[in-house]
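# Fold and geometry: a report
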Amino acid sequence: MPQYDYNKIFTFLETKGKQDFGKHFRLHENDLLIIKKVCAYFLKDELVCSQQNIYLHKGILLAGSIGCGKTSLMNLMRYLNDKQSIYLVKPCRDIAFEFIQNGYEVIQKYSRQSFYKDVPKHFCFDDLGTENNLKYYGNECNVMAEILLSRYDLFVSHQLITHITTNLAASEIEQMYGNRVRSRMRELFNLIAFDNTSEDKRK
């Protein structure tokens, strides 16, 4: 089992962060435990994952307040990811706007990729909860709920991995998407949450 020097990994990620997001980027000391958990998952570090009750067959649900760095962290993780697990970070708002334009085909696009050879197999749906229930020709649809339910079926049948970032609490997820979705999310995801005191890095 490989042994990882997480201090070197943090330095590597901070360097990549400065390249991708600007010279102001840095990893905050208060967030390093959370960052280590996420890194361990994508490095498939079985020892650390076992210690932190992280299951490698599930995806990541990265929760935290607005501006804490969830999206940036999930973008950086692609530098640690193996080629078989490469994922696209896709904002939920963008998916909602696609639904307005293209209708129910969008749900198929993000839940059953076999029909779309140019669409990645794995996704990180970014900022779950920022989209609204939308109407396509007068028919209202909770787009992300339908996508998550479909991806749950593929998780069970084909071990398809999904990741999510959100600033919603568990009760808010249930209110927006229903108990059925929340129940399946427990099976789909490892919950990793930034501390409530994590500062807004956008300030």
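Residues numbered from 1 in each chain as written. Predicted model: local features only at pLDDT ≥ 70, side-chain atom pairs only at ≥ 80, totals over all residues. Heavy atoms only, no water.

Right, let's get into the nonpolar core. The tendency in soluble globular proteins is for nonpolar side chains to be buried side by side. Ranked by internal contacts, the top residues of the largest apolar core, which has 31 residues, are C39, F42, L62 and M77. Elements with a contribution of two residues or more to this core: α1 (6–21), α2 (32–43), α3 (46–51), β1 (59–63), α4 (70–76) and β2 (87–91). For this core, the leading source of residues is α2, giving 8 residues. The residues touching L62, leaving out its near neighbours within four places in the chain, are I34, V38, K70, L73, M74, I164, T165, T166, I192 and F194. If you look at the next biggest cluster of nonpolar residues, it comprises 28 residues, including I107, F123, L128 and Y177. (Core = buried A, V, L, I, M, F, W, Y, C linked by side-chain atoms within 4.5 Å. Buried < 20%, exposed > 50% of the residue type's maximum accessible area, 1.4 Å probe, protein only. Helix = DSSP H or I, 4+ residues; strand = E, 2+ residues; numbered from the N terminus. Contact = heavy atoms within 4.5 Å.)

Okay, unusual backbone geometry next. Of all residues except glycine, most have a negative phi; of all peptide bonds, most are trans. A positive phi angle, close to 55 degrees, is found at N53, a residue other than glycine. Relative to the elements of secondary structure, N53 occurs in the loop between α3 and β1.

So, about the packing of α1 against α2. With their axes 11 Å apart at the nearest point, α1 and α2 run at an angle of 95 degrees to one another. If you check the angle between α1 and α2, you find them roughly perpendicular. Contacts between α1 and α2 pair Y6, I9, F10 and L13 from the former with L32, I35, K36, C39, A40 and L43 from the latter. Per-class residue counts for the contact of α1 with α2 are 9 nonpolar, no polar and 1 charged. (Axes fitted to C-alpha atoms, helices over the stretch in contact; angles between N-to-C directions. Parallel < 35°, antiparallel > 145°, perpendicular 65-115°, else oblique. Nonpolar A, V, L, I, M, F, W, Y, C, P; charged D, E, K, R; others polar.)

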